[in-house]
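# Architecture and fold: a report
Each chain, letter by letter, is given below.
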Amino acid sequence: MSAAQPSSGPSLRRYLDHPRGGPTVLRIVLGTQLRRLREGAGITREAAGDAIRGSHAKISRLELGRVSCKERDVADLLTLYNVTDEAVRADFLKLARRTSSPGWWHQYGDVLPGWFETHIGLEEAASLEEAASVIRTYEVQFVPGLLQTPDYARAVAQLGHPRSSPEEIERRVQLRVQRQELLTIADAPRVWAVIDEASLRRPLGGPEVMAGQLRHLLKMTELPNVTLQIAPFSLGGLAAAGGPITILRFLEPDLPDIVYLEQLTSALYLDKRDDVDHYLAVMDRLSAQSESPRESMAILERLLKQES
């Protein structure tokens, strides 16, 4: 059975030409397109693996965007899937080359764990204007990284990496600050954060640092793309008891929704529909139980008076 030819290159070119189309999003887009071609051709992962001298597991990793891929492998797969249009093939091969290019965050490779690189790449994907995306996050212990001040981020880094040198701590702070540029670019994603009250009452870095962080949160709520809710102590138990959650939602069909669960020395990335739906339901309950954005601002103002 032969696969239907892709319509043409524009759907791929918009990712190639986007200034924030980093390697993570390009791997996901390429993998998604190749999966659709394989399924349309009625070809199994085992047969596709044989075509590139690999295994079905290699095809699975490629289609999920977990690894970069060689141009030769992509060319062989396109031939197997009966993709003969030269312009389309050229776009696929260019995309394959770009998946190996380093993202801006690679300059921080000395302080950036490999498991977190994917998360930064997904945040970058959220800035693609076609993605119309939302980053939803729930934090228990800390203010979300995208909303931290440099002083607060420094206190977090010192707590989590007590053996790091002052220079390494500053590198971690710089990385976090550069990530935050995402919030104010032209195609900024919507960030919807639910923060446990405990994280705001814990004097991380001391009263002066916390006061600066509270003022910064109030300022961030003025951005049209930032929604902030506080889960107060009065709620008692919460739907997400256990740990922080981040969900990256993309309306662009080439980018699947992904749940990010950070652990002490690693992270989980969940993209199965049932898993994502479960965590979305949890986040919806959290948002319904938490204070409204307006009341959350009032809570921040009261806490700020206590810190002053």
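Above this text sits the structure in question.
Residues numbered from 1 in each chain as written. Predicted model: local features only at pLDDT ≥ 70, side-chain atom pairs only at ≥ 80, totals over all residues. Heavy atoms only, no water.

The subject of this paragraph is the sheet that holds strand β3 (residues 226-231). Here we have six strands laid out as an open sheet, ordered β3-β2-β1-β4-β5-β6, and mixed in their pairing. Each edge of the open sheet is held by one strand with a lone partner, namely β3 and β6 (267-270). Each strand of the sheet is rotated relative to its neighbour by a mean of 15 degrees, with strand direction disregarded. In this structure, strand β2 (residues 190-196) lies alongside β3, joined through six bridges in parallel fashion. Bridging across to β3, Val-194 finds its partner in Gln-229. Across the face of the sheet, helix α12 (residues 273-289) comes into contact with β1 (134-139), β2, β3, β4 (245-249), β5 (258-262) and β6 while running at roughly 115 degrees to β4. (Pairing = 2+ DSSP bridges. Helix = DSSP H or I, 4+ residues; strand = E, 2+ residues; numbered from the N terminus. Axes fitted to C-alpha atoms, helices over the stretch in contact; angles between N-to-C directions. Contact = heavy atoms within 4.5 Å.)

The tally for this structure, following the rule as stated, stands at 17 salt bridges. One salt bridge connects Arg-35 with Glu-39, and the closest N-O pair in it is separated by 3.2 Å. Here Arg-35 pairs with Glu-39, and both are found in helix α2 (residues 23-41), just four residues apart, close to one helical turn. Taking relative accessible area as the criterion, Arg-35 reaches 26% and is therefore assigned partly exposed. Among the residues examined, Glu-39 registers a relative accessible area of 46% and is labelled partly exposed. For the salt bridge of Arg-154 with Glu-170, the shortest nitrogen-to-oxygen distance reads 2.6 Å. A residue pair is termed long-range when its members are at least 10 positions apart, and Arg-154 in helix α8 (residues 150-160) and Glu-170 in helix α9 (residues 166-179) qualify at 16 residues. (Salt bridge = Lys/Arg side-chain N within 4 Å of Asp/Glu carboxyl O. Buried < 20%, exposed > 50% of the residue type's maximum accessible area, 1.4 Å probe, protein only.)

Here the focus is the side chain of Thr-32. Position of Thr-32 among the secondary structure elements: in helix α2. Judged by relative accessible area, Thr-32 falls into the buried class, the value being 6%. Within the local environment of Thr-32, its side chain forms a polar contact with the backbone oxygen of Ile-28, the two atoms lying 2.8 Å apart. (Polar contact = N/O pair within 3.5 Å; in protein donor to acceptor, adjacent residues only side chain to side chain.)

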